[in-house]
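Residue-level listing of the chains:
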Amino acid sequence: MSLAAYCVICCRRIGTSTPSPKSNTYWRDVRKIIKFTGSLILGGSLFLTYEVLALKKSLTLDTQVVEREKMKSYIYVHTVSLDKRENHDPFSTVDVEDHECAVWLLLRKSKLDDRTARLQAVQEMSETHHWHDYQYRIIAQACDPRTLIGLARSKESDLRFFLPPPSLPSLTEDYSIEEELRQLLASLPQTELDECIQYFTSLALSESSQSLAAQKGGLWCFGGNGLPYAESFGEVPSATVEMFCLEALIKHSEMPTHCDQIEANGGLQLLQRLYRLHKDCPKIQRNIMRIIGNMALNEHLHSPIVRSGWVSLLAEAMKSPHIMEASHAARSLANLDRDTVREKYQDGVYVLHPQYRTSQPIKADVLFIHGLMGAAFKTWRQQDAEHQGPTDEASEDEARHTTCWPKTWLARDCPALRIISVEYDTSLSDWRARCPMERKSIAFRSNELLRKLRAAGVGDRPLIWVSHSMGGLLVKKMLLEASKKPEMNTVINNTRGIVFYSVPHHGSHLAEYSVNIRYLLFPSLEVKELSKDSPALKTLQDDFLEFAKDKNFQVLNFVETLPTYIGSMIKLHVVPVESADLGIGDLIPVDVNHLNICKPKQKDAFLYQRTLQFIRETLAKDLEN
C-alpha cells in the first residue's frame, strides 16, 4: 500500500511540474517514470508472491495425520496361513500411537488363555468412560464373543461397546410378519410333542389368512399373568395368532433339537424383527427374550445368537429401569456367559441378584416360590397404594417403592445372597387355563421345578425358601422328593430355613366356592388339591412335619386375618389361621388379605423387617464365613 501511494505522488509531481525550457527535461521525466513504474511492478510482484506462498502454506494438510485418522476407523486383519495361526499373535506388531496402546493391550489381554487376566481386562474395559467414540468402536469390532458377552454383563459398560445389530433380510412381499411366524412354526417337528405344545401350535396354525387380514392395527398387549385366550379369540385375530405363535415357540425352544431348527430357519432374525417392531409392548419383548434365553441353554447356538446381534439388544434391555425386562435379559446373558457362570437358568427361573458380573462373593441362596395365580415378579411387589393398581413402572426412589422387593430391598440389605424367583403357570379354573390339556398336580410341578432349580445350582450353597400360598406346598413336596434322590442330597443338606406366607398346610375353602361361574364352575387340579379333605394334602403335611423336625429346619409362618375379594362376588378368607399352622416355627397373624400377605407396604414395614431378620439370623454363620 505504501509503495503504491509513493508512486502515485511521484506521478502527480511529474504531471504538475512546469515544463523546462531545456531539451533534456523531456528525457529526465521519462527516466523518472520508468524508474518509478519499474519499482511499482517489482514491488507488486514481490507482494503477490509473498501472499501466494503464505496462502499455500496455510492450506497445506499433513497427509500423515489424515492417514492416521483413517487408520482409526478400520480394523486391519493380517492374513495368516493355517499352519501358523496357533502361534500367531495378531496384536504383537500393531503400529499404534502411545495414547491408544491401552485399548489394544486390553484387547490382547481379553483374548488370553488365563481366565483371571481375561476377566480383569473386561472389567477394566467396562470401567473406562473417557474414550472417544472410535475407541469404543475398535473394541466392538475387534473383541471376541466371550468379551462381548462379558461387557454386556458388566454393570458399568458403555453401550457404545456394542455394534448395532446387522440389517435384517427383507420380508417376502406376499407375507406379513404374522405369516412368517406361522411359517416358522410350521417348519418345526410336529411329532412326539406334549399336549400343550400341540395345542398352542395347532391353534396358531389353524387361523386362516382371512382372519389375519381382518385386523392390521398391530399387536394387542395382554396384561396379567396369563393370556385370556378364550375371551380374546376372534376379537383380535392377528394378535391371537402372533401371541399363540410365541407361546408355542417358547414351548418348542425348551427342546434342543427344535432350537436348532428355529436357528436354521431364520428364527433369530425373525424374532429380532418382531422385537424391534414392538418396543412399546413389553409383553411381546419378554416372550421373545424367553425364547432367546431357552436357545442360549444350547452352547453350540451361542455363535449364531451373537452374530445375529442379540447381545447388543440384551445389553440395552439389561439397563432397563423395568425389573421384568432387565431380569429376562439377565437370564439370557447368564446362559450365554460360560466364562463366569456354571449354572444354566431354564425357562421360569430368574436371578434377581446379582444380575451382573460381580466381585462380591455369593455365600447363600434365597428362593422365592409364588402361589396360585401368582408370578415371579408381581407376587413380590410392594403393596399397591389405594389410589393405584399394580404397575411395572419403575419408581424414581426404589427405597420407597419397588415393583419387586427381593430385587431392590433384600439385595441391598444382603448383597452376599443370590436371589432367585421361580415362575410357573397356574389357574383357578380349567376353562380359563392357558393350556386346557394341562393337568399338573403338585407332585408333577415339584419334580419339574426341582430339576430346573438343580440345573441352576440350587443346593450348592446354603439356602432359604420363601413361599406364598400354594408355593409353600410345592416347597414341601420338593424337599420330600429331594430326600428320596441321592443326587439331590445337597438340596436337603444345605436347606437352612423356610418362610411360609399364608400357606394352606391343612387346606383352603377356595375349592368349595363354586358360586362364581366365571372362575370356579370347573375348579382346576391345583384348586382341588387345596381342599380340606384332600388325602394328598394330609399325607404331604404329615410327612413333611416329621421330616422338618428331623432335619431341624428353621421355620417362620405368616397368616392373613382379612378376607380377600375373588372377582366381584366372592369375599373369602382364603387361608384361616388354623390352616397356616405348620406345627413348627413361629406363627404370626398379620392384618392383611391373602394377596397382600407377601407385599410389604414399605421397607420398614413389619412384614419385610421380620422376614429380613429371619434370613439374617438363619444364615448368620454362613454369611460370616
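The sections below set out a description of the structure shown in this document.

Conventions and cut-offs
- Residues numbered from 1 in each chain as written.
- Predicted model: local features only at pLDDT ≥ 70, side-chain atom pairs only at ≥ 80, totals over all residues.
- Heavy atoms only, no water.
- Core = buried A, V, L, I, M, F, W, Y, C linked by side-chain atoms within 4.5 Å.
- Buried < 20%, exposed > 50% of the residue type's maximum accessible area, 1.4 Å probe, protein only.
- Helix = DSSP H or I, 4+ residues; strand = E, 2+ residues; numbered from the N terminus.
- Contact = heavy atoms within 4.5 Å.
- Pairing = 2+ DSSP bridges.
- Axes fitted to C-alpha atoms, helices over the stretch in contact; angles between N-to-C directions.
- Phe/Tyr/Trp six-rings, centres within 6.5 Å; stacked < 30°, edge-to-face > 60°.
- Polar contact = N/O pair within 3.5 Å; in protein donor to acceptor, adjacent residues only side chain to side chain.
- Parallel < 35°, antiparallel > 145°, perpendicular 65-115°, else oblique.
- Left-handed = near helix turned anticlockwise from the far one by under 90°.
- Nonpolar A, V, L, I, M, F, W, Y, C, P; charged D, E, K, R; others polar.
- Salt bridge = Lys/Arg side-chain N within 4 Å of Asp/Glu carboxyl O.

Thoughts on the nonpolar core
Then, in step 1: Judged by nonpolar contacts, the single largest core of 66 residues is most densely connected at Ile139, Leu249, Ile305, Trp310 and Val311.
Then, in step 2: Per-element tally for this core: the top contributor is helix 12 (residues 237-252), with eight residues.
Then, in step 3: Beyond its immediate sequence surroundings of up to four residues, Ile139 is in contact with Val103, Leu107, Met125, Trp131, Leu151 and Phe161.
Then, in step 4: Counting 51 residues, the second largest nonpolar core, distinct from the first, contains Met478, Phe500, Leu537 and Leu582.

Structural notes on the pairing of strand 3 (residues 417-422)
Then, in step 1: Taken across its six residues, strand 3 has six buried, putting it largely inside the fold.
Then, in step 2: With burial as the criterion, each face of strand 3 is covered, one bearing Leu417, Ile419 and Ser421 and the other bearing Arg418, Ile420 and Val422.
Then, in step 3: Relative to strand 3, strand 1 (residues 349-353) runs antiparallel, the two sharing four bridges. By the bridge assignment, His353 is partnered in strand 3 with Ile419.
Then, in step 4: Two elements, strand 2 (residues 364-369) and strand 3, share six bridges in a ladder whose sense is parallel. Across the sheet, residue Asp365 finds its bridge partner in strand 3, namely Arg418.

Side note on the sheet that holds strand 9 (residues 586-590)
Then, in step 1: Sheet architecture is open: seven strands sit in the order 1-3-2-4-5-6-9, paired in mixed fashion. Strands at the two margins of the open sheet, each flanked by one partner only, are strand 1 and strand 9. Taking the axes of each pair of neighbouring strands and ignoring which way they run, one obtains an average angle of 20 degrees across the sheet.
Then, in step 2: The strands that helix 21 (residues 470-483) touches are strand 2, strand 4 (463-468) and strand 5 (495-501); relative to strand 4, the one it contacts most, it runs at about 140 degrees.

Considering the packing of aromatic side chains
Where two aromatic rings form a pair, the distance of their centres and the angle of their planes describe that pair.
Then, in step 1: Under the counting rule described, the total for this entry stands at 14 aromatic pairs.
Then, in step 2: For the ring pair Phe368 and Trp405, a centre distance of 5.5 Å and an interplane angle of 85 degrees mean the geometry is edge-to-face. Placement of Phe368 in strand 2 and of Trp405 in helix 19 (residues 405-413) is noted, with a sequence separation of 37 residues between them. In this pair, the class of Phe368 matches that of Trp405, namely buried.
Then, in step 3: Arranged with centres 6.3 Å apart and planes meeting at 50 degrees, the rings of Phe544 and Phe547 form a pair that is tilted. With Phe544 and Phe547 both in helix 25 (residues 535-551), this residue pair falls three residues apart, about one helical turn.
Then, in step 4: Of the residues examined, Phe547 reaches a relative accessible area of 12% and is grouped as buried.
Then, in step 5: An aromatic cluster is built from Phe368, Trp380, Trp405, Trp409, Tyr501, Phe558 and Tyr608, whose rings are joined through pairwise contacts.

Observations regarding the side chain of Ser421
Then, in step 1: Note on placement: Ser421 falls in strand 3.
Then, in step 2: Exposure remark for Ser421: the relative accessible area of 0% places this residue in the buried category.
Then, in step 3: At a separation of 2.6 Å, a polar atom in the side chain of Ser421 contacts the main-chain carbonyl oxygen of Ala376.

Some words on the packing of helix 20 (residues 442-455) against helix 21
Then, in step 1: Look at helix 20 against helix 21: their axes get within 9 Å of each other, and the N-to-C directions meet at 70 degrees. Classified by the angle between their axes, helix 20 and helix 21 sit roughly perpendicular to one another. Between helix 20 and helix 21 the crossing geometry is right-handed. The segment helix 20 lies against helix 21, with Ile442, Ala443, Arg445, Ser446, Asn447, Leu449, Leu450 and Leu453 engaging Met470, Leu473, Leu474, Lys477, Met478, Glu481 and Ala482.
Then, in step 2: Taken together, the residues of the contact of helix 20 with helix 21 sort by class into ten nonpolar, two polar and three charged.

Description of the pattern of salt bridges
Then, in step 1: Scanning the entire structure with this criterion turns up 19 salt bridges.
Then, in step 2: The partner of Arg461 in a salt bridge is Asp365, with the nearest N and O atoms 3.2 Å apart. With Arg461 in the loop between helix 20 and strand 4 and Asp365 in strand 2, this residue pair connects regions lying 96 residues apart in the sequence.
Then, in step 3: Residue classification places Arg461 among the buried residues on the basis of a relative accessible area of 18%.
Then, in step 4: Of the residues examined, Asp365 reaches a relative accessible area of 0% and is grouped as buried.

Here's the deal with unusual backbone geometry
Then, in step 1: Between His353 and Pro354 the backbone carries a cis peptide bond, its omega angle lying at -10 degrees.
Then, in step 2: Here Pro354 lies in the loop between strand 1 and strand 2.
Then, in step 3: Look at Ser469: it is not a glycine, yet its phi comes out positive at around 55 degrees.
Then, in step 4: Among the structural elements, Ser469 can be located in the loop between strand 4 and helix 21.
Then, in step 5: Despite not being glycine, Ser502 has its phi angle at roughly 45 degrees, a positive value.
Then, in step 6: Turning to its location among the elements, Ser502 is positioned in the loop between strand 5 and helix 23 (517-520).

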